[in-house]
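So the chains spell out like this:
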Amino acid sequence: MARLGLFSALERPLFVLLLVVTFASAFADAYNMSGLSPNPIKFKLPSGITKIRDFLDDVLERDRDTYNGDVSAANQWGQAIVSGCSTTCGGQKKKWQCGVMHEPINVYLIWFGRFKESQKNIIRNFVRSLSDTSDPANTVSQWWNINRLYTDCNGNPVSGTVRLAGDRHLKPRMRFLFSNMAISYIVNRAISAKAFPADSNGVYFVITDKGTTQKSLLGGFCSAYCGWHSFDTIKGKALKVSFVGHPGRCLKSCASPTISRKGGVSPNGDRAMDAMVSILAHELAEAASDPYLGTWTDASGMENADICAWSYGSVETTDSGADYNLVGRDGMKFLVQQNYHPTQRTCLATTTV
């Protein structure tokens, strides 16, 4: 896989080409949706631009997932999820690219746009609950236990320690993020402003508000994905980055059916933020077990959380009628997708280690 850094001499022309193609794609989308088309035939990109777009998508590969429209995950149950140590990493890839995050994991939250403190606290509580074993009623940490079953080529497991290392509000300079590279730029901006360190043991989440959208080469937020994770060379280090969009823009695509339906309710009374917890959990699980996009996948290329996307297992119901399957610190409830147990070959919400 090509390195995904923003600032190398090789990548600058690719980035310029990416912007041109993305603008063309954005124009086509806007034209088709504007009602300006004089006939039912939609405006289509020239085949040459489409081929360039597909080529760039291979070169600048991203893991785009967490989209409710993809129901193929259910068909993967029972398949083996395998490590790249004996295949990919034994060949052209470097060993470090088949690692897992076995050191304590630091989560950095970048709030891109407007969020209330009450909304932020839903996400914060979930992250802080991931490795808090002081309360036996906390089942969020038991959900994370599943991820601890994934190891690197030396047998080191994913760390059981996840820390909220920092969060910072970032005022948007634009509301339409033209490419996935824009997410790396935002992370770089936060690090340059001394908001966070350049941390090889960190995962940097760019969480966008309802007024912001993001587009990649093969689609965009709500139409192709709800979130994604990858890595990029920032400040000379291979840093893990993730985009988590605001499900309030498209609840039917990026929230569970019980939350997205008309009149639906959620555990903490904020349908978009409760749905966002599951998206962030999905991406964090994959970033920890497959940080460089070459460690753990099944035969179809799905990572652990992909296999279990949009499956929640047994749920309980709050007094308000909201479904939940996990309980975090201070009794806060969450509805989070299950994760794939690598030896039992099934999706589970919790397990013991």
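Note that this is a predicted model, so its numbers are computed, not measured.

Peer 1: Residue-level account of the overall build of the protein, with values.
Peer 2: Broken down by element type, the protein carries nine helices and 17 strands. By residue count, 56% of the 353 residues in the protein fall in the buried class. For the protein, long-range pairs separated by at least 24 residues make up 76% of all intrachain contacts whose partners lie at least 6 apart in sequence. Accessible area of the protein: about 15200 Å², with a carbon and sulfur share of 53%.

Peer 1: For the packing of aromatic side chains, give the residues involved together with the corresponding values.
Peer 2: A complete count under the given rule lists twelve aromatic pairs for this structure. Above the plane of the ring of Tyr-324 lies Lys-333, whose end atom (NZ or CZ) is 5.4 Å from the centre.

Peer 1: Could you give an account of the packing of helix α3 (residues 117–129) against helix α8 (residues 271–289), with specific residues and numbers?
Peer 2: Packed helices, taken two at a time, are described by the angle between their axes plus the distance between the axes. Running from amino to carboxyl end, α3 crosses α8 at an angle of 35°, the nearest separation of the two axes being 10 Å. α3 and α8 meet at a crossing whose hand is right-handed. Residue-level contacts link Gln-119, Ile-122, Ile-123, Phe-126 and Val-127 of α3 to Met-273, Asp-274, Met-276, Val-277, Leu-280 and Ala-281 of α8. Counted by class, the contact of α3 with α8 contains nine nonpolar, one polar and one charged residues.

Peer 1: If you had to explain unusual backbone geometry to someone new, which residues and values would you point to?
Peer 2: One non-glycine residue, Cys-222, lies in the positive phi region at around 85°. Looking at where Cys-222 falls in the secondary structure, it is placed in the loop between β8 (219–220) and β9 (227–234). Under the relative-accessibility criterion, Cys-222 is labelled buried at 16%. For Leu-293, which is not glycine, the phi torsion reads 60° and is therefore positive. Mapped onto the fold, Leu-293 is located in the loop between α8 and β11 (296–298).

Peer 1: Which residues make up the pairing of strand β6 (residues 202–208), and what values go with them?
Peer 2: Taking burial as the measure, the seven residues of β6 include seven buried ones, the bulk of the element. In β6, alternate side chains face the same way, and those of Gly-202, Tyr-204, Val-206 and Thr-208 on one face and Val-203, Phe-205 and Ile-207 on the other are all buried. With seven bridges joining them, strand β3 (residues 105–112) and β6 adopt parallel strand pairing. Residue pairing across strands places Asn-106 opposite Gly-202, the latter belonging to β6. As judged from the five bridges shared by β6 and strand β10 (residues 237–244), these two strands associate in the parallel manner. Along β10, the bridge assignment pairs Ile-207 with Val-244.

Peer 1: Go over helix α5 (residues 181–192), please, and point to the residues and values.
Peer 2: The end-to-end C-alpha distance of α5 is 16 Å, a good match for the 16 Å that twelve residues give at a rise of 1.5 Å each. Where burial is concerned, most of α5 is hidden: ten out of the twelve residues are buried. When we look at burial in α5, the residues that qualify are Met-181, Ala-182, Ile-183, Ser-184, Ile-186, Val-187, Asn-188, Arg-189, Ala-190 and Ile-191. Looking at the residues trailing α5, positive phi occurs at Lys-194, about 65°.

Peer 1: With reference to specific residues and values, describe the environment of Glu-283.
Peer 2: Tracing the backbone through its elements, the reader meets Glu-283 in helix α8. Look at Glu-283 and you get buried, because its relative accessible area is 0%. For the pair Glu-283 and Phe-205, spaced 78 residues apart in the sequence, the C-alpha separation amounts to 9.2 Å.

Peer 1: Outline the confidence of the model for the protein, listing residues and values.
Peer 2: Confidence in the prediction for the protein averages 81 pLDDT; 73% of positions are at 70 or higher. Counting interchain partners and residues more than four positions distant, the pLDDT-below-50 stretch residues 1–12 has 31 contacts.

Peer 1: Can you tell me about α8, naming the residues and giving the values?
Peer 2: Over its 19 residues, α8 runs 28 Å from end to end, which matches the ideal 27 Å to within 8%, given 1.5 Å per residue. With respect to burial, α8 is a largely interior element, 18 of its 19 residues being buried.

Peer 1: Go over the packing of helix α4 (residues 140–147) against α8 with me, naming the residues and quoting the values.
Peer 2: Here α4 crosses α8 at 35°, and the two axes come no closer than 10 Å. Regarding α4 and α8, the two cross each other, and that crossing is right-handed. Between α4, through Trp-143, Trp-144 and Asn-147, and α8, the contact on the second element is made entirely by Ala-281, Leu-284, Ala-285, Ala-288 and Ser-289.

About the cut-offs
Residues numbered from 1 in each chain as written. Predicted model: local features only at pLDDT ≥ 70, side-chain atom pairs only at ≥ 80, totals over all residues. Heavy atoms only, no water. Helix = DSSP H or I, 4+ residues; strand = E, 2+ residues; numbered from the N terminus. Buried < 20%, exposed > 50% of the residue type's maximum accessible area, 1.4 Å probe, protein only. Contact = heavy atoms within 4.5 Å. Areas by Shrake-Rupley, 256 points an atom, 1.4 Å probe, with all protein chains shown as cover. Phe/Tyr/Trp six-rings, centres within 6.5 Å; stacked < 30°, edge-to-face > 60°. Lys NZ or Arg CZ within 6 Å of the ring centre and 35° of its normal. Axes fitted to C-alpha atoms, helices over the stretch in contact; angles between N-to-C directions. Left-handed = near helix turned anticlockwise from the far one by under 90°. Nonpolar A, V, L, I, M, F, W, Y, C, P; charged D, E, K, R; others polar. Pairing = 2+ DSSP bridges. Expected span 1.5 Å × (residues − 1). pLDDT = per-residue confidence, 0-100.

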